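# Geometric and topological summary
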Amino acid sequence: MQGQHRFNTKAWLLWTAGFVAFFIGGALAMGVVGRVNDFGSALVGGMVAGAVIGTGQWLVARRLLGNPQAWIPATALAMGIGLAIGAWVVGYGTSLGELALMGAITGIPLGAAQAYLLRDRLANAWVWAAAVPLLWALGWTVSTFIGVDVDQQFAVFGASGAITFMAL
């Protein structure tokens, strides 16, 4: 009985790596492209952030996600494409509604690409494809709602959005 209540340091470190990947990816994207205020900065910024987030996801769930040479580039490319299209659709705006829509659009190719890679590893992988747009929209909503300075036009939502995304 006592073993069930022991703190799992490895699980905590892995979850933290996945969580930290969101704001490391965002910081690197900001360093590489600055604000996401045009198609090119959104594409490249999304790819940079996506590569870091994909790496964090792989560290957390490597047994499920399989080959990092597939997961990480697919996540990077899909996030870059999704962010470029999503940011363009909302005119690079930063209102709550615009960021929620941008997040949902970002999540469409991201969820689809990741679900495709999970199709032989996870029953009902399509659920992931449907969930990611909603989770990405929720991540931006939470970050905006709590007062993150979203006018900086980040490539990815902040820590509060990442906690929401990772927890769900």
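Heads up: these notes are all about the structure in this document. (Residues numbered from 1 in each chain as written. Predicted model: local features only at pLDDT ≥ 70, side-chain atom pairs only at ≥ 80, totals over all residues. Heavy atoms only, no water.)

### Structural notes on the packing of helix α3 (residues 68–89) against helix α4 (residues 96–118)
For the pair α3 and α4, interaxial distance at closest approach is 7 Å and the crossing angle is 155 degrees. Here α3 lies roughly antiparallel to α4, going by the angle between them. Once α3 is placed against α4, the crossing between them reads as right-handed. Residues A70, W71, A74, T75, A78, M79, G82, L83, I85, G86, A87 and V89 of α3 lie in contact with α4, whose contacting residues are L101, M102, I105, T106, P109, L110, A113, Q114, L117 and L118. Looking at the contact of α3 with α4, its residues break down into 17 nonpolar, five polar and no charged. (Axes fitted to C-alpha atoms, helices over the stretch in contact; angles between N-to-C directions. Helix = DSSP H or I, 4+ residues; strand = E, 2+ residues; numbered from the N terminus. Parallel < 35°, antiparallel > 145°, perpendicular 65-115°, else oblique. Left-handed = near helix turned anticlockwise from the far one by under 90°. Contact = heavy atoms within 4.5 Å. Nonpolar A, V, L, I, M, F, W, Y, C, P; charged D, E, K, R; others polar.)

### What about α3?
Helix length check: α3 (22 residues) gives 31 Å between terminal C-alpha atoms against 32 Å at 1.5 Å per residue, within 8%. Within α3, the full set of buried residues consists of W71, I72, T75, A76, A78, M79, G80, G82, L83, A84, G86 and A87. Turning to α3, the residues buried within the fold contact α2 (39–65), α4 and α5 (126–145). The backbone nitrogen of Q69 lies 2.7 Å from a side-chain oxygen of the residue at the head of α3, namely N67. Trailing α3 by a residue or two, G91 shows a phi angle of about 65 degrees, which is positive. (Expected span 1.5 Å × (residues − 1). Buried < 20%, exposed > 50% of the residue type's maximum accessible area, 1.4 Å probe, protein only. Polar contact = N/O pair within 3.5 Å; in protein donor to acceptor, adjacent residues only side chain to side chain.)

### Comments concerning unusual backbone geometry
Excluding glycine, most residues fall at negative phi; most peptide bonds, likewise, are trans. Residue Y92 is not a glycine yet carries a positive backbone phi of 65 degrees. Within the element layout of this structure, Y92 appears in the loop between α3 and α4. Of the residues examined, Y92 reaches a relative accessible area of 17% and is grouped as buried. With a phi angle near 60 degrees, N124 is a residue other than glycine that sits in the positive phi range. Residue position: N124 is located in the loop between α4 and α5.

### Things to note about the nonpolar core
By size, the foremost hydrophobic cluster in this structure holds 26 residues, and its most contacted members are F22, M79, M102, W136, W140, V156 and F157. When contributions to this core are tallied by element, the ones reaching two or more residues are α1 (9–33), α2, α3, α4 and α5. Top element by residues in this core is α3. It accounts for five residues. Once residues within four sequence positions are removed from consideration, W140 is found in contact with L99, A100, M102, G103, V150, F154, A155, V156 and F157. (Core = buried A, V, L, I, M, F, W, Y, C linked by side-chain atoms within 4.5 Å.)

### Let's talk about the packing of aromatic side chains
Scanning the entire structure with this criterion turns up five aromatic pairs. Considering the side-chain rings of F19 and F23, the 5.5 Å spacing of their centres and the 75 degrees angle between planes classify their relative orientation as edge-to-face. Of this pair, F19 and F23 both sit in helix α1, four residues apart, roughly one helical turn. Three or more aromatic residues joined by ring pairs form one cluster here, namely F22, W136, W140 and F157. Over the aromatic face of Y116 sits the side chain of R119, whose NZ or CZ is 3.8 Å from the ring centroid. (Phe/Tyr/Trp six-rings, centres within 6.5 Å; stacked < 30°, edge-to-face > 60°. Lys NZ or Arg CZ within 6 Å of the ring centre and 35° of its normal.)

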